[in-house]
Each structure stands twice: as structure tokens, then as C-alpha cells.
Amino acid sequence: MRVNCSREVEVRGTYDVVVAGSGPAGICAAVAAAREGAKVALVERYGVVGGNLTVGYVGPILGMVAKGTMRDELVELLGVEENDMIGRTGRAHDFERAKRVLAQFVAHPNIDVYLQSSVCDVVKEGDALRGVVLATNEGQIALLGKVTVDATGDGLVAYLAGAPTEKGRDDGLMQPVTLEFTIAGVDEKQGVICIGDVDDVRLGEERFLDFCKRCADEGKLPQKLAAVRLHPTVREGERQVNTTQVNGVDMTRVEHIFKADLELREQIALLEQFLRENLPGYGECRCIASGATTGVRETRRVMGDYVITAEELAVGCRFDDVIVHKAEFIVDIHNPAGAGQAEEHIQYCDPYDLPYRCFTPRGVENLYVAGRCISGTHRAHASYRVMSICMAMGEAVGIASAMCAEQGCSPRTLDVKALQQRMADKGIDLFSK
Ligand SMILES: Cc1cc2nc3c(=O)[nH]c(=O)nc-3n(C[C@H](O)[C@H](O)[C@H](O)COP(=O)(O)OP(=O)(O)OC[C@H]3O[C@@H](n4cnc5c(N)ncnc54)[C@H](O)[C@@H]3O)c2cc1C
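Everything quoted here is computed from the prediction, not taken from an experiment.

### Observations regarding the site of the ligand
At step 1: Around the ligand, a shell composed of 39 residues is seen, among which G21, G23, G51, G295 and G371 lie nearest.
At step 2: Broken down by secondary-structure element, the contributors of at least two residues to the shell around the ligand are α1 (24–35), β4 (118–125) and α9 (387–407).
At step 3: With three residues, α1 is the single largest residue contributor to the shell around the ligand.
At step 4: In terms of residue class, the shell around the ligand is made up of 16 nonpolar, 16 polar and seven charged.

Encoded structure:
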């Protein structure tokens with residue numbers, strides 16, 4: 001059954017740049033465009049900015065990019081020391097501090113922030129995107145923009161605008177969803193830290209992850225929770241636990257969302273008990289907080305003028321139209337069909353470039369994507385999706401959007417060399433060896 005709901009919608013604002021989504025990519029896109037002098041709208045469906053940096057409860061900030069980007073500024077704002085590329089030395093940031101400092105970060109005179117406002121439709125004329133429609137507490141309103149940046153993670157704006165999208169690997173399965181949580185009360189003298197499969201930390205004579213696997217075989221832990229990841233945080237005695245998981249969830253389908261949340265919160269209770277009863281130093285630990293929303297690793301990837309592959313990332317690909325330089329992270333595929341990692345061997349990548357063409361969705365004008373939904377394959381996405389890299393993407397696209405608005409051109413006709421020069425003038429390294 002279908003109903004026709006078409007109605008006229010009030011245009012609440014007209015902008016140079018409309019940024020949808022305020023995660024690591026969106027906040028950087030909005031601030032970068034605003035600092036270039038553009039009039040910007042930043043739209044967020046939740047009541048706080050930050051995406052996975054805040055409500056998603058994801059940390060530490062992993063990955064690396066070349067020097068001079070907004071990523072360096074944000075790491076400093078959030079008060080975290082430099083992580084190594086995969087976070088071996090990394091600590092999860094303080095999520096409460098993040099809510100405050102990221103709000104200050106986007107509180108720029110050129111930015112109007114629309115919180116608790118969900119993009120639910122787009123305004124189009126032919127192939128040209130003119131703006132977005134928001135579902136708000138006042139009903140629907142429209143924001144028009146010369147350029148729109150889709151930083152929703154889910155590629156929702158691009159999808160609604162008709163750009164081609166893909167989800168998951170060939171069988172359609174995507175990486176599992178996870179709800180991260182924090183435990184306090186860990187005895188630092190005994191309490192192990194384990195950041196995942198790349199970590200060989202031991203518990204006595206045994207590799208910690210083998211110990212967890214053995215516990216799962218003995219029925220002390222569900223098999224799918226055997227990859228116990230315990231990151232340190234900026235506070236003594238705390239661990240950021242990235243271990244819960246539900247497979248077979250498609251977070252672009254509304255009927256999947258509550259079922260996942262229900263199961264994930266049950267898993268938090270199970271894990272808390274497992275840690276208390278089985279891990280030295282964890283006997284007094286308790287869960288003190290968790291994400292306000294399910295952590296989503298993977299949904300739509302928006303197909304653009306170039307589709308980057310993991311094979312290119314592995315060898316440290318270079319492009320003439322580079323806008324993110326020396327991005328670095330492993331291809332980290334949490335198993336879409338079960339526990340642990342999807343592949344037997346982790347794929348390491350040489351520092352790689354992301355080209356401008358991965359940010360311009362096919363078939364739509366006036367639109368960029370930034371963040372985890374850019375144009376790449378399922379395996380490539382598993383690397384560039386980490387937050388350092390998403391921040392650098394957002395900044396690059398924010399500067400580009402402001403240039404398009406100023407010059408009255410579409411992303412597809414922007415002079416990329418001029419963009420690179422503008423980025424270099426700001427101290428962003430795009431070409432070092
Ligand atoms: C469980 C888990 C663990 C992870 N671990 C790490 C880690 O340790 N380190 C790391 O660096 N990365 C990690 N990642 C990856 C990383 O967090 C994400 O890939 C990254 O945050 C993507 O950034 P983004 O800006 O594209 O999207 P997001 O951070 O998802 O932000 C998107 C924003 O858009 C908003 N939005 C969505 N739809 C709409 C709409 N219709 N209208 C308005 N707003 C909308 C969302 O509310 C959100 O604020 C992890 C991810 C998950 C899920």
C-alpha cells in the first residue's frame with residue numbers, strides 16, 4: 001500500500017554549503033567551508049554533534065593522514081596523545097569532553113547548526129541537487145544550498161538524490177554492528193589491554209585472544225563475542241570495550257534497528273559478567289556508559305567518478321587529483337558472517353592517497369560525499385572508514401564546496417589543481433614522498 005504525502009515545504013534558509021551529518025567528516029566539512037567564508041548549514045539528526053565521536057561512543061581515533069589537516073587540530077582539542085596508526089598506543093577520548101568541545105568547534109559565525117533535524121528528502125531540478133528537506137520538531141522544512149555535502153555515513157542524501165549505491169560484499173552481508181561501552185574499576189597493575197587481532201598481548205602463558213576463544217569453547221562466553229577488545233581510555237582504570245556484535249543487520253532498514261539494540265545491550269551485561277568473573281584485575285569492574293545509538297560500521301557506499309579498491313590501498317596508491325594524502329590504516333573487516341576478523345590475514349596498507357573523484361557521486365550535480373560512504377569497494381571501505389581519515393576527507397570537501405559556491409561551479413567542473421593549491425596554502429601536505 002502507498003500514500004501520497006507530497007506538500008509544499010517552507011524554505012528555512014539558503015546557504016552556500018549544506019552539510020548533512022555531523023560526524024568526524026561532517027564537522028570538518030562544515031568548519032572548513034565556514035573558514036573559507038562560505039555560509040554553511042550543518043544538519044544533525046541527534047541532539048549533539050560528533051557522530052561516532054560522541055553518540056556513537058567510538059574511540060580511540062584511529063588511522064593516520066599527512067600533516068597539516070584538521071585531524072591534528074581535533075586530536076588536540078579532544079586532549080588525546082598521538083595514537084600510532086592502529087592505536088597500539090592509543091587511548092579512547094573522553095566522550096563528555098567531546099560533546100562540549102565539538103559543539104564549540106562548530107559554533108562558527110558562518111555556521112547555522114540544525115540539531116534534532118533529520119534529512120528525509122532532497123530538492124532537485126533535473127540532475128542538479130538544490131537542497132535537502134528536514135524532518136524536525138516543527139514538521140518538514142527545506143534548506144537550499146549551492147553545494148551539499150553528504151556526511152551522513154549512510155550516503156542518504158546521495159541515495160535520495162538518485163546516485164548509485166552499493167552495500168556490503170558480494171553476498172550483500174555487511175560488517176556487524178556493535179555497541180561500544182566503557183567499564184571502570186579495572187586494576188591497572190593486572191588488567192590486560194588488547195586492541196584486537198593485531199595485538200599479541202598475553203595472559204600468563206596464553207595469548208589473550210586464545211584465552212577468550214577457549215573460554216567461548218567452554219561456554220563462558222558466546223562464540224561471537226570471543227574477540228574481546230579492551231582499549232585504554234584517557235582515565236586510569238577504564239577500558240573502552242569494542243566487542244559486542246550482531247551480524248546480518250542492515251541499518252538502512254528501520255525494522256532491523258531495535259532488534260539490534262536489544263541484543264547488543266544484553267551482550268553488554270554478559271560481557272561485564274564475563275570480565276568480572278574471568279579476567280585478573282577486572283573483578284570489580286562495572287559498565288559506566290555505552291553508546292546512545294548502535295555503532296554502524298558499514299551501510300551504503302556511494303558510487304562516484306572513481307571507485308577505489310583495497311588492492312590500490314595496499315600498495316600506497318598515488319593520484320594526480322589527490323585530496324587526502326598518506327592515509328594509513330589496515331583493511332579491518334569485522335566478520336560479516338560470524339566472529340572475529342573476516343579474513344585469515346590482516347591486510348596492511350602503505351600510506352595511500354584518496355582521489356577527488358571518489359567524492360563526486362555519479363549522476364548528481366552539486367553534491368559531494370565525505371566520510372565512510374565515499375566511493376570504494378567493500379574491502380577498501382574497511383580501511384578508510386576510520387575517524388582520522390574521515391576528518392581529512394571532510395576538510396578537503398569543505399574547502400572544495402566553498403570554492404564551488406564562490407565560483408558558481410559544480411564539483412564536477414571545479415579546477416582540482418586550484419583546490420590542491422588552496423589546501424597547500426593552508427599547510428595541508430598533499431604531495432610529500
Ligand atoms: C563499533 C565501531 C567501532 C569503531 N572503532 C573505531 C575506532 O576505534 N577508531 C576509529 O577511528 N574508527 C572506528 N570506527 C569507524 C568510525 O567510527 C566511522 O567509520 C566514522 O565515524 C565515520 O565517520 P562519518 O563522519 O562518515 O560518519 P558518522 O561518524 O557515522 O557520522 C555521521 C553523522 O551523520 C548523522 N546523520 C545520519 N543520517 C542523518 C540524517 N538523515 N539527517 C541528519 N543527520 C544524519 C549521524 O547522526 C552522525 O552524527 C568504528 C565504527 C564502529 C561502528
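### Some remarks on the packing of helix α2 (residues 70–77) against α9
At step 1: One can describe the packing of α2 onto α9 by two numbers: an axis separation of 8 Å at closest approach and a directional angle of 125 degrees. Here α9 runs oblique to α2, going by the angle between their axes. Pair α2 / α9 crosses with right-handed handedness. Each of M70, R71 and L74 in α2 lies in contact with α9, whose residues at this interface are S388, M391, A392 and E395.
At step 2: By residue class, the composition of the contact of α2 with α9 is four nonpolar, one polar and two charged.

### Some details on the domain arrangement of the chain
At step 1: Assigned domains within the chain: domain 1 (10–170 + 298–425) and domain 2 (181–290).
At step 2: Averaged C-alpha coordinates put domain 1 and domain 2 at centres separated by 29 Å.
At step 3: Contact with domain 1, which involves 25 residues of that partner, is made by 18 residues of domain 2.
At step 4: Here the residues of the side of domain 1 that touches domain 2 sort into 10 nonpolar, nine polar and six charged.

### What about the nonpolar core?
Generally speaking, soluble globular proteins have nonpolar side chains that are buried together.
At step 1: Counting residues in each nonpolar core, the largest one holds 103 residues, and the members touching the most others are V17, V19, A29, A30, V40, A370 and M393.
At step 2: Ranked by the residues each element gives to this core, the list is headed by α9, at 14 residues.
At step 3: For V17, the residues in contact, after removing those within four places along its chain, are A33, A38, V40, G145, V147, V149, S401, A402 and A405.
At step 4: Core analysis: the next-biggest nonpolar cluster, separate from the first, contains 27 residues, L179, L209, M251 and Y282 among them.

Here is what the cut-offs are and how they apply
Residues numbered from 1 in each chain as written. Predicted model: local features only at pLDDT ≥ 70, side-chain atom pairs only at ≥ 80, totals over all residues. Near = placed C-beta within 6 Å. Helix = DSSP H or I, 4+ residues; strand = E, 2+ residues; numbered from the N terminus. Nonpolar A, V, L, I, M, F, W, Y, C, P; charged D, E, K, R; others polar. Axes fitted to C-alpha atoms, helices over the stretch in contact; angles between N-to-C directions. Parallel < 35°, antiparallel > 145°, perpendicular 65-115°, else oblique. Left-handed = near helix turned anticlockwise from the far one by under 90°. Contact = placed C-beta atoms within 7 Å. Domains from an automatic or database assignment. Core = buried A, V, L, I, M, F, W, Y, C linked by C-beta atoms within 7 Å. Buried ≥ 20, exposed ≤ 12 C-beta atoms within 10 Å, placed from the backbone.

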